[in-house]
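Analysis of the macromolecular model
For reference, the chains in residue letters:
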Amino acid sequence: MEFSQKIWYGMITGKDKVHSARNRKECAMEAIIWLGVMILFAVGEAVTVGLTSIWFAVGALGALITAGLGLGFWPQITVFIILSGVTLALVRPLAKKLLRPGYSATNADRVIGTVGVVTQAVNNLAGEGLVNLAGQVWSARSKTEEVIPAGQEVRVLHIQGVKVIVEPVTADQTKAV
């Protein structure tokens, strides 16, 4: 092998062919190190809730393969960084979209903002009150501590558990609706 070939081979692999026995030991040690790094990231991924380190486990796998091919330290680091970055850039948006816990609206959410009629006086202190909303009877509590008499129109502000939280509708609000 010519000197220039040794230089190019050495630049690419980080090694030269002259010390092949030492290089085999080095390759085996580097492969064991990358295997450990890959296992470390995989275990780290297994104990976390979200996808946090799987990208680096994939990069470590690439570096392990690179070490197994006998390439040098810098090509291994380069493969690790590039493969981790590419995996992160390509898979994270998709994984984030698929693993995102979304809000699921229920049919009960449709009553928020609607106007109903009190069928049993709403009294927070006594823990009483029923409201008829579009033909459905709901347990109700007042937003304030005031007692809302039966027959009064009320607007649903939000749902708390199985009860609707309401406020009385004034004559001005009724005209606006």
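Residues numbered from 1 in each chain as written. Predicted model: local features only at pLDDT ≥ 70, side-chain atom pairs only at ≥ 80, totals over all residues. Heavy atoms only, no water.

Along the chain, the regular secondary structure elements total five helices and five strands. Along the chain, from the amino end to the carboxyl end, the secondary structure elements read α-α-α-α-β-β-β-β-β-α. When each of the 177 residues of the chain is scored for burial, the buried share is 27%. Within the chain, contacts between residues at least 6 apart in sequence are counted, and of these 44% link residues at least 24 apart. Of the roughly 11600 Å² of accessible surface on the chain, 66% is carried by carbon and sulfur atoms. (Helix = DSSP H or I, 4+ residues; strand = E, 2+ residues; numbered from the N terminus. Buried < 20%, exposed > 50% of the residue type's maximum accessible area, 1.4 Å probe, protein only. Contact = heavy atoms within 4.5 Å. Areas by Shrake-Rupley, 256 points an atom, 1.4 Å probe, with all protein chains shown as cover.)

Together, Leu35, Ile39, Val43 and Val47 line one region of the surface with nonpolar side chains, adding up to about 360 Å² of accessible area. Looking at where Leu35 falls in the secondary structure, it is placed in helix H2 (residues 20–47). For Leu35, a relative accessible area of 37% puts it in the partly exposed group. (Patch = residues over 30% accessible without salt bridge, like charges linked within 9 Å, V, L, I, M, F, W, Y side chains within 5 Å. Salt bridge = Lys/Arg side-chain N within 4 Å of Asp/Glu carboxyl O.)

A few words on the pairing of strand S4 (residues 153–160). In this structure, strand S1 (residues 115–123) lies alongside S4, joined through three bridges in antiparallel fashion. Among the inter-strand pairings, Val117 is bridged to a residue of S4, identified as Glu153. Where S4 lies against strand S5 (residues 163–168), six bridges are found, and the strand directions are antiparallel. Bridging across to S5, His158 finds its partner in Ile165. Hairpin remark: S4 followed by S5, antiparallel, with two residues in the connecting loop; positive phi at Gly161, about 70°. (Pairing = 2+ DSSP bridges.)

Now for the packing of aromatic side chains. Scanning all chains against the criterion turns up five aromatic pairs. Arranged with centres 5.3 Å apart and planes meeting at 35°, the rings of Trp34 and Phe80 form a pair that is tilted. Separated by 46 residues along the polypeptide, Trp34 in helix H2 and Phe80 in helix H4 (residues 73–99) bring together distant segments of the chain. Across the pair, exposure class does not vary: Trp34 and Phe80 are buried alike. Taken together, a centroid distance of 5.1 Å and an interplanar angle of 75° make the contact between Phe73 and Trp74 edge-to-face. A connected cluster of aromatic rings, assembled from ring pairs, spans Trp34, Phe41, Phe56 and Phe80. (Phe/Tyr/Trp six-rings, centres within 6.5 Å; stacked < 30°, edge-to-face > 60°.)

Time to look at unusual backbone geometry. Positive phi outside glycine occurs at Ala134, with the angle close to 50°. Along the polypeptide, Ala134 turns up in the loop between strand S2 (128–133) and strand S3 (136–142).

With that settled, consider the pairing of S3. One ladder, built from four bridges, connects S2 with S3; its direction is antiparallel. From the neighbouring strand, Asn132 faces S3, where its bridge partner is Val137. Inspection of the sheet shows S3 paired to S5 by four bridges, in the parallel sense. Each residue of the ladder has a partner; that of Arg141, found in S5, is Ile165.

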